[in-house]
Amino acid sequence: MKKIFLCDGHNLAFRAFYGIRELSRSDGFPTNMIHGWVRSFWRLEDDFSPDETWVFFDRGGCPAREQILPEYKANRGSPPDGFTEQLEWVKELTGAMGYGWAEKEGLEADDLIATKTMEIKGEGTEVTIVSADKDLAQLVSPGVKQLLPPPTANPRLGWRMMDEAGVTDKFGVSPDSVLDYLAIIGDQSDNIPGLNGVGPKTAVKWLTEYGDMENLIANAGRITPKRFCSVVYERREDLRRNLDLIRLIKNATYTATPPQGPNLEKLKDIFGRMEMHKSWEDAQKRYR
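Residues numbered from 1 in each chain as written. Predicted model: local features only at pLDDT ≥ 70, side-chain atom pairs only at ≥ 80, totals over all residues. Heavy atoms only, no water.

Caption draft 1: Spotlight on the sheet that holds strand 6 (residues 160-162). Ordered in space as 6-5-4-1-2-3-9, the seven strands form an open sheet in which the pairing is mixed. The open sheet has two edge strands with one neighbour each: strand 6 and strand 9 (256-257). In this structure, strand 2 (residues 52-57) lies alongside strand 3 (residues 100-103), joined through four bridges in parallel fashion. By the bridge assignment, F57 is partnered in strand 3 with E103. Against the sheet, helix 5 (residues 109-120) touches strand 1 (2-8), strand 2, strand 3, strand 4 (125-130) and strand 5 (144-148), its axis set at about 165 degrees to strand 1. (Pairing = 2+ DSSP bridges. Helix = DSSP H or I, 4+ residues; strand = E, 2+ residues; numbered from the N terminus. Contact = heavy atoms within 4.5 Å. Axes fitted to C-alpha atoms, helices over the stretch in contact; angles between N-to-C directions.)

Structural data, given as structure tokens:
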């Protein structure tokens, strides 16, 4: 089986940024995220030995979703100081380390990952999506798993691989129902409002009883607790809107830079500019 890793660039970049603090070049330019990025991906290589690695980045907003809900992701604000400056170097490093990568204006990394998953999954391929983003659990299926990074608050948990059974253990519903589940409870990180007062346990109960969103809406008068009968019916269009917001695009068109193997000349240049001398020493041992 060919093991292909599809990585959520911004998700992993933020984790690298917050995982290591107070590192900078002699002139004050921050390098903490760059250090964390290199170490995280080398750890991935050592622990899981993927045959091919791709990294997908967000680039700007998502007009299609913002048209549906203008407040979509409006709660996120600006990146922390030092993040944006390092991100372009992280992208340079991604190619220099031998990974494929892509980004496209108006599309989110999740959509590019979903599209790539649809392109490559099948007989002879084992796809692993590397991200903590719960939206991506929609894609878990035979031959497709999700690898959750170590939580920033509790890194000792380490990397956790999640197959179909793992999705059910985590959310209480199968991957096929994750979209409906998230549409009901909402997604605070993306500023998508769920039904007021409805938590994960109630959402799981409803989906277990009624199967999917449309059947839930059709049976709004029968659901329990009874106080939510009118809520589900009156907010049925909000629930359908949430489905459109959370549903991943699986047929996006984009241009990617394919994996080309490590480039020691580029790595030497980047690590030299960042004054990451130990990383350059380690790269020579790793790639030669």
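Caption draft 2: Structural detail: the nonpolar core. Counting residues in hydrophobic clusters, the biggest one holds 37 residues, and the most contacted among them are W37, F41, M97 and L267. When residues of this core are traced back to their parent elements, those giving at least two are strand 1, helix 1 (9-19), helix 2 (32-48), strand 2, helix 4 (83-96), helix 12 (264-273) and helix 13 (277-287). One finds V167, V173, L182 and I217 within the second-largest nonpolar core, a separate group that totals 36 residues. (Core = buried A, V, L, I, M, F, W, Y, C linked by side-chain atoms within 4.5 Å. Buried < 20%, exposed > 50% of the residue type's maximum accessible area, 1.4 Å probe, protein only.)

Caption draft 3: Structural detail: the pattern of salt bridges. Following the criterion strictly, the structure yields 25 salt bridges and no others. Ionic pairing is found between R240 and E214, a salt bridge with its closest N-O pair at 2.8 Å. Of the two residues, R240 is situated in helix 11 (residues 236-246) and E214 in helix 9 (residues 213-218); the sequence distance between them amounts to 26 residues. If you follow the salt bridges from partner to partner, you end up with R65, K73, R76, E108, D111 and D190 in one network. (Salt bridge = Lys/Arg side-chain N within 4 Å of Asp/Glu carboxyl O.)

Caption draft 4: Representation of the packing of aromatic side chains in the model. Counted according to the given criterion, the structure contains 13 aromatic pairs. Between F5 and F48, the ring centres sit 6.0 Å apart and the planes meet at 45 degrees, which makes this aromatic pair tilted. Of this pair, F5 sits in strand 1 while F48 sits in helix 2, placing them 43 residues apart in sequence. Accessibility assignment for this pair places F5 and F48 in one class, buried. Ring geometry for F17 versus Y18: centroids 5.1 Å apart, planes at 85 degrees, classification edge-to-face. The residue whose ring lies beneath K91 is F57, and the NZ or CZ to ring-centre distance is 5.5 Å. We note K170 situated over the ring of F171; from NZ or CZ to the ring centre the distance is 5.7 Å. (Phe/Tyr/Trp six-rings, centres within 6.5 Å; stacked < 30°, edge-to-face > 60°. Lys NZ or Arg CZ within 6 Å of the ring centre and 35° of its normal.)

Caption draft 5: Region of the structure containing the pairing of strand 3. Every second residue of strand 3 is oriented toward a common face, with G100 and A102 on one face and W101 and E103 on the other, all of them buried. By the bridge criterion, two bridges tie strand 3 to strand 9 in an arrangement that is antiparallel. Counterpart to W101 in the pairing with strand 9 is T257.

Caption draft 6: Examining the packing of helix 12 against helix 13 more closely. Two elements in contact, helix 12 and helix 13, have axes whose closest approach is 9 Å; the angle formed by their N-to-C orientations is 165 degrees. Here helix 13 runs roughly antiparallel to helix 12, going by the angle between their axes. For the element pair helix 12 and helix 13, the recorded crossing hand is right-handed. In this structure, helix 12 uses L264, L267, K268 and F271 to contact helix 13, whose residues at the interface are S279, W280, A283, Q284 and Y287. In terms of residue class, the contact of helix 12 with helix 13 is built from six nonpolar, two polar and one charged. (Parallel < 35°, antiparallel > 145°, perpendicular 65-115°, else oblique. Left-handed = near helix turned anticlockwise from the far one by under 90°. Nonpolar A, V, L, I, M, F, W, Y, C, P; charged D, E, K, R; others polar.)

Caption draft 7: Summary view of the side chain of N242. If you trace the backbone, N242 turns up in helix 11. Overall, N242 belongs to the buried group, its relative accessible area being 2%. Those residues within four positions of N242 in sequence are excluded, and the remaining contacts are A183, I192, P193 and G194.

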